[in-house]
Amino acid sequence: MPKDTDRDDSQAYHFSVIRRAIDRIDAAGAETLPLDALAAEMNMSPAHFQRVFSRWVGVSPKRYQQYLTLGHARALMRERFTTLETADALGLSGAGRLHDLFLRWEAMSPGDYAKGGAGLEIRWGWVDSPFGPALVMATDRGICGIGFAAETGPEPAMADLKSRWPHASFVEDPMALAPWAEAAFGQTGGEARLHLIGAPFQIKVWEALLAVPSGQVTTYSEIARAIGHPGAVRAVGTAVGRNPISYLIPCHRALRKTGALGGYHWGLPVKRALLAWESARAEAGANGP
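An unreviewed UniProt entry lists the protein chain under the name methylated-DNA--[protein]-cysteine S-methyltransferase, with Rhodovulum kholense as the source organism.

So this is what it looks like as structure tokens:
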């Protein structure tokens, strides 16, 4: 009988277990892996694995496996597709409804953006997140960047975000970022403030993404219509991919019309994990405690 792993009960540890489970599920293809087999490969007893797993996502490992299949994205398109015009009419856009957080955001002026961050001080630090190591960057106005290193590794993630604002000065200061980072990943009830730094077209796309509720999805063409450029689907896809604030500006909720996942800047396994985690939490919330 495998022994339970005695480790810190943190979100990062939970994610490391889930990541290994995701890799194993991916390797199994369409086969549903039994609880006992998955638990053994995670070096846990079935009861402990089920408890950790269910506490993290709100549903059983078996149900979560269903969320990680490619068919899950298509099911989301059928059952939880968000028409952005409707979301706006219902008051879902903007702030106050993302992962039970209050998000307040402001955008940099086009002129300041054109300077490439010149004169801007950006603080950065690594934090634990439910989706692996996360690089968080912020100005004095709020978070301007979140990148995930589970698939890319830390150095490429750092180089990627720094390249967005090549003339800014970067200062390592994780302590200064801690309150916003903890609020961003739901570890506290605080406010997550965002500072959107991008071209005007990009910011319009990111605003539209903020209107997509957690546990639901939309399409690139729907975003194009919502921002008044229905023919600019390809440009919208590029702007979605250039979103520097992953997770809080939910580019992972943008799918193709077919229900295919499309791309994801920080790796498709992370996108699958994000969608599965949000779906599980939505289901758990709908079913009550």
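Moving on from the model shown.
Draft legend 1. Region of the structure containing the overall build of the protein chain. Within the protein chain, the regular secondary structure consists of 13 helices and eight strands. Across the 289 residues in the protein chain, those meeting the buried criterion constitute 51%. When contacts within the protein chain are restricted to residue pairs at least 6 apart in sequence, those whose partners lie at least 24 apart make up 71%. A total of about 12,700 Å² of accessible surface is found on the protein chain, and carbon and sulfur atoms cover 53% of it.

Draft legend 2. Quick look at the confidence of the model for the protein chain. In the predicted model, the protein chain carries a mean pLDDT of 77, and the fraction of residues at 70 or more is 72%. Within the protein chain, the element-level pLDDT minimum falls on helix H6 (residues 84–89), averaging 48, and the maximum on strand E5 (residues 169–172), averaging 96. Every residue in residues 1–9 is under pLDDT 50, and counting partners more than four places away or in other chains gives 18 contacts. Every residue in residues 86–102 scores below 50 in pLDDT, and together they form 43 contacts with partners more than four places removed in sequence or on other chains.

Draft legend 3. Region of the structure containing the pattern of salt bridges. Inspection of the entire model under this criterion finds five salt bridges. Residue aspartate 173 is joined to arginine 123 by a salt bridge in which the shortest nitrogen-to-oxygen separation is 2.8 Å. Note that aspartate 173 is positioned in the loop between E5 and helix H9 (174–184) and arginine 123 in strand E2 (residues 121–129), a separation of 50 residues in sequence. Given a relative accessible area of 30%, arginine 123 falls into the partly exposed group. Residue aspartate 160 pairs with arginine 164 through a salt bridge whose shortest N-O separation is 2.8 Å. Placement of both aspartate 160 and arginine 164 in helix H8 (residues 154–164) is noted, with a separation of four residues, approximately one turn of the helix. Residue classification places aspartate 160 among the buried residues on the basis of a relative accessible area of 17%. Taking relative accessible area as the criterion, arginine 164 reaches 10% and is therefore assigned buried. Through salt bridges that share partners, Glu121, Arg123 and Asp173 make up one connected network.

Draft legend 4. Structural context of the nonpolar core. Counting 54 residues, the largest nonpolar core has Met137, Ile143, Phe148, Val240 and Leu248 as its most contacted members. Counting 14 residues, the second-largest nonpolar core is a separate cluster that includes Ala21, Leu38, Tyr64 and Ala280.

Draft legend 5. How the structure looks around the environment of serine 45. Positionally, serine 45 belongs in the loop between helix H2 (35–41) and helix H3 (46–57). With ten residues separating them along the chain, serine 45 and leucine 35 place their C-alpha atoms 9.6 Å apart.

Draft legend 6. How the structure looks around H9. Looking at H9, one finds that the buried residues are Leu177, Trp180, Ala181, Ala183 and Ala184. In a view along the axis of H9, the buried residues occupy a sector of 160 degrees, so they form one face of it. Contact partners of the buried residues in H9: E2, strand E3 (132–139), strand E4 (142–148) and strand E6 (191–196).

Draft legend 7. Spotlight on unusual backbone geometry. In the Ramachandran plot, asparagine 43 falls in the positive-phi region, its phi being about 60 degrees despite a non-glycine side chain. With respect to the helices, strands and loops of the structure, asparagine 43 is situated in the loop between H2 and H3. Not every positive phi belongs to a glycine, and tyrosine 247 is a case in point at roughly 75 degrees. Note that tyrosine 247 resides in the loop between helix H12 (233–241) and strand E8 (254–255).

Draft legend 8. Molecular detail of the packing of helix H10 (residues 200–209) against H12. Between H10 and H12, the shortest axis-to-axis distance is 9 Å and the interhelical angle comes to 80 degrees. Accordingly, the angle class assigned to the pair H10 and H12 is roughly perpendicular. Contacts from Phe201, Gln202, Val205, Trp206 and Leu209 in H10 reach Ala235, Val236, Ala239 and Val240 in H12. The residue inventory of the contact of H10 with H12, partitioned by class, reads eight nonpolar, one polar and no charged.

Calculation rules
The residue count restarts for each chain, going from 1 along the sequence in the order it is written. The predicted nature of this model means local features are confined to residues of pLDDT at least 70 and side-chain atom pairs, given and counted, to a pLDDT of 80 or more, with totals for whole chains, interfaces and linings taken over all residues. Side-chain numbers here rest on the full set of heavy atoms in the structure, without hydrogens or water. Think of it this way: any DSSP run of H or I at least four residues long counts as a helix, any run of E at least two long counts as a strand, and we number them from the N terminus. Whether a residue is buried, partly exposed or exposed follows from its accessible area with a 1.4 Å probe, protein chains only, as a fraction of its type maximum: under 20%, in between, or over 50%, in that order. Residue contacts are defined here by distance: any two heavy atoms, one from each residue, within 4.5 Å place the two residues in contact. Surface accessibility follows the Shrake-Rupley procedure with a 1.4 Å probe radius. Residue values consider only the protein chains on display as shielding. Values of pLDDT, ranging from 0 to 100, describe the predictor's confidence in every residue of the model. Any Lys or Arg side-chain nitrogen found within 4 Å of a carboxyl oxygen on Asp or Glu counts as a salt bridge. To form a nonpolar core, buried Ala, Val, Leu, Ile, Met, Phe, Trp, Tyr and Cys residues must be joined to one another through side-chain atoms within 4.5 Å. Taken from the helix axis, the directions to the C-beta atoms give the arc we talk about. To define axes, lines are fitted to C-alpha atoms, for helices over the stretch in contact only, and angles between the resulting N-to-C directions are given on a 0 to 180 degree scale. In what follows, roughly perpendicular refers to angles from 65 to 115 degrees, roughly parallel to angles under 35, roughly antiparallel to angles over 145, and oblique to any angle outside these ranges. In the scheme used here, Gly and all other residues not listed as nonpolar or charged are polar, with Ala, Val, Leu, Ile, Met, Phe, Trp, Tyr, Cys and Pro taken as nonpolar and Asp, Glu, Lys and Arg as charged.

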